[in-house]
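Structure assessment
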Amino acid sequence: MSTGVLITREPVVNQQRAITANRLIVHAPNIATALQTLEGLRPHWPTVHPVFISFGRLVPTAELLAWQAPESALIEIPAPALQYPQIQELVGQLNQAGVPLALSWYQPGAQWPAEVDCRFSLADSNKVSSPMGAPGLPLAWGLADVPAFEKAVLQGYTGAAGWFFLKGVTPAKQLAPSHAQIVRLLNLVRNDADITEIETALKQDVSLPYKLLRYINSAGFGLMVEVQSFRHAVTILGRDKLNKWLSLLLVSASKDPAAPAVMQAAIARGRMMEILGAHFFDKAQLDNLFITGAFSLLDVLLGTGIDTVLEQMTLPEAIGEALLTGEGVYASLLKLAITSESFLPDQMRAQTDALGLSDQQVSEALLQAVAFADALSFG
């Protein structure tokens, strides 16, 4: 069923490219419908980081005053709307009600009320080279890549919103030794090697057992007991489920201090595919869907071509097809997960309808995926 509302997302990062917030762009026919959808998503709301709520091209209305936003939410006010007296009044009323506010599409001369607190200003850095004079902390948007981000920081921006950090990677021809070790470990699990052999490989890097158990015991996994050892994990999870969590070791193997933002994106893709995949596949394939999404950014995370990584791994054919050719039974869900990271609701609509999914199903999966990824510690 179509509600006419779709949600896309992007991260907000600081000058070190660490995620500080998530930004949700609500594509809706009007504010009332947007708020109705957001209210239905309250049980799935991400809580680790603040959440910017953008209503896209919509002009805010007084209906915002009657809505109790989640505690972590910031409402964006588009700068072009400030020319209207009723919007100036609404901004003041929201501020008096204690609603955190941000200004989007800032342009020099935007008339933000002086008595109203503004937490952040988002500006298209292609149009606003310097954010001097912007209310709140200035965030750049529309960045092409990491060099553009570094330039924006030099010009006075305190961070950015968007996916610029996924672009501009030059793949290496082979895996780094530490990455190759994790690939070997994954292959041992996939090929049903003896537990003792897997434990020996796991302990060759002292950080791996610690990271693996930290992931398994995270809030997102929801176990009732704490897993104490690798053997305990095999007993509790089984090899198929454990393979999913060992895959996290590879996704989190990058030593780049900015890698956590990419890891969050990769894990969110995987979790979104896993949730939506339950409508189409049996339980035995859901972990493979998670791995497909999580591995879709391995080239960025490891600085190595995806084909270089996959040719050294024992993976189901459907995963390789989706990642290498964009074809196969998992490809449509991967494309949907990737499109949820764009400002292209028309493409997202086409993919949602083609899969026979409802807007509510897709939006719930998106928020659950972000909350899940945020709950994992990538430090």
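First, a word on scope: everything that follows refers to the structure included in this document. Everything numeric in this text was worked out from a predicted model, so none of it was measured. (Residues numbered from 1 in each chain as written. Predicted model: local features only at pLDDT ≥ 70, side-chain atom pairs only at ≥ 80, totals over all residues. Heavy atoms only, no water.)

Now for the overall build of the chain. A count of helical and extended segments in the chain gives 16 helices and eight strands. Relative to the 2.2 N^0.38 estimate, which gives 21 Å for 379 residues, the radius of gyration of the chain is 22 Å and therefore close to what a compact globule would have. In terms of overall dimensions, the chain has C-alpha extents of about 70 × 45 × 40 Å along its principal axes. Expressed as a percentage of its 379 residues, the buried residues of the chain come to 55%. Considering only residue pairs separated by 6 or more positions, the chain has 62% of its internal contacts joining residues 24 or more positions apart. Surface summary for the chain: the accessible area is close to 16200 Å², and the carbon and sulfur share equals 53%. On the chain, the mean spot of the 25 positive side-chain charges and the mean spot of the 34 negative ones are 4 Å from each other. (Helix = DSSP H or I, 4+ residues; strand = E, 2+ residues; numbered from the N terminus. Rg over C-alpha atoms; globule rule 2.2 N^0.38 Å. Buried < 20%, exposed > 50% of the residue type's maximum accessible area, 1.4 Å probe, protein only. Contact = heavy atoms within 4.5 Å. Areas by Shrake-Rupley, 256 points an atom, 1.4 Å probe, with all protein chains shown as cover. Lys, Arg positive; Asp, Glu negative; His and termini not counted. Charge placed at Lys NZ, Arg CZ, Asp CG, Glu CD.)

Another point: the nonpolar core. Note that soluble globular proteins tend to have their nonpolar side chains buried in a common cluster. With 128 residues, the main nonpolar core has Ile53, Phe55, Leu250 and Phe295 as its most contacted residues. A total of twelve residues in this core trace back to one element, the largest contributor, which is helix α9 (residues 259-277). Not counting chain neighbours up to four residues away, the residues in contact with Ile53 comprise Leu24, Val26, Leu38, Trp45, Trp67, Ala73, Leu74, Ile75 and Glu76. Judged by nonpolar contacts, the second largest core, of nine residues, contains Ala21, Phe52, Leu74 and Leu122. (Core = buried A, V, L, I, M, F, W, Y, C linked by side-chain atoms within 4.5 Å.)

Bringing the sheet that holds strand β8 (residues 159-161) into the picture now. An order of β1-β2-β3-β4-β5-β6-β7-β8 is seen for the eight strands of this closed barrel, with the pairing classed as mixed. Pairs of neighbouring strands in the sheet enclose a mean axial angle of 25°, with direction left out of account. As paired strands, strand β3 (residues 51-54) and strand β4 (residues 73-78) are joined by three bridges and run parallel to one another. Residue Ile53 lies in a different strand from β4, and its bridge partner there is Ile75. Most of the contacts of α9 go to strand β1 (residues 6-14), to which it runs at about 160°, and overall it touches β1 and β2 (19-27). Across the sheet, helix α16 (residues 359-375) is in contact with β1 and β2; its angle to β1 comes to roughly 20°. (Pairing = 2+ DSSP bridges. Axes fitted to C-alpha atoms, helices over the stretch in contact; angles between N-to-C directions.)

Now for helix α15 (residues 345-355). When we look at burial in α15, the residues that qualify are Met348, Arg349, Thr352 and Leu355. Here the buried residues of α15 occupy an arc of 140° about the axis, which is enough to place them on one side. For α15, exposure combined with an orientation more than 90 degrees from the buried face picks out Asp346 and Ala354. Buried residues in α15 make contact with β1, α14 (331-339) and α16. Count one or two residues on from α15 and you reach Gly356, which has phi positive near 75°. (Arc of directions from axis to C-beta.)

Let's shift gears to the pattern of salt bridges. Per the counting criterion, the structure on display carries eight salt bridges. Between Glu341 and Arg269 there is a salt bridge, with the nearest N and O atoms lying 2.8 Å from each other. Of the two residues, Glu341 sits in the loop between α14 and α15 while Arg269 sits in helix α9, which places them 72 residues apart along the sequence. Relative accessible area serves as the criterion here: at 8%, Glu341 is assigned to the buried category. For the salt bridge of Arg349 with Asp353, the shortest nitrogen-to-oxygen distance reads 3.5 Å. Here Arg349 and its partner Asp353 are both found in helix α15, four residues apart, which amounts to about one turn of the helix. What makes Asp353 partly exposed here is its relative accessible area of 44%. Three or more residues joined by partner-sharing salt bridges are found here, namely Glu10, Arg23 and Glu76. (Salt bridge = Lys/Arg side-chain N within 4 Å of Asp/Glu carboxyl O.)

Moving on, we get to the packing of aromatic side chains. Summed over the entire model, instances satisfying the criterion amount to eight aromatic pairs. Between Trp163 and Phe165 the ring centres are 6.0 Å apart and the planes differ by 50°, which places this aromatic pair in the tilted class. A single burial state applies to Trp163 and to Phe165, both of which are buried. Site record: aromatic cluster; members linked through ring pairs are Phe149, Trp163, Phe164 and Phe165. For the cation-ring pair, Arg271 lies above Phe372, with the distance from its terminal atom to the ring centre recorded as 5.1 Å. (Phe/Tyr/Trp six-rings, centres within 6.5 Å; stacked < 30°, edge-to-face > 60°. Lys NZ or Arg CZ within 6 Å of the ring centre and 35° of its normal.)

Bringing the pairing of β1 into the picture now. For β1, a buried count of eight out of nine residues is recorded, marking the element as mostly surrounded by other parts of the structure. Adjacent in sequence and paired antiparallel, β1 and β2 are bridged by four residues, among which Arg17 carries a positive phi angle near 65°. Note that β1 and β8 share three bridges and pair antiparallel. Across the sheet, Asn14 pairs through a bridge with Gly159, a residue of β8.

This paragraph deals with the packing of helix α10 (residues 283-295) against helix α13 (residues 317-324). Orientation of α10 relative to α13, taken along the N-to-C sense of each, is 30°, at an axis distance of 10 Å. As far as their axial angle goes, α13 and α10 are roughly parallel. In terms of crossing hand, the pair formed by α10 and α13 is right-handed. On α13, the residues that touch Asn288, Ile291, Thr292 and Phe295 of α10 are Ile319, Ala322 and Leu323. Residue composition of the contact of α10 with α13, by class: five nonpolar, two polar and no charged. (Parallel < 35°, antiparallel > 145°, perpendicular 65-115°, else oblique. Left-handed = near helix turned anticlockwise from the far one by under 90°. Nonpolar A, V, L, I, M, F, W, Y, C, P; charged D, E, K, R; others polar.)

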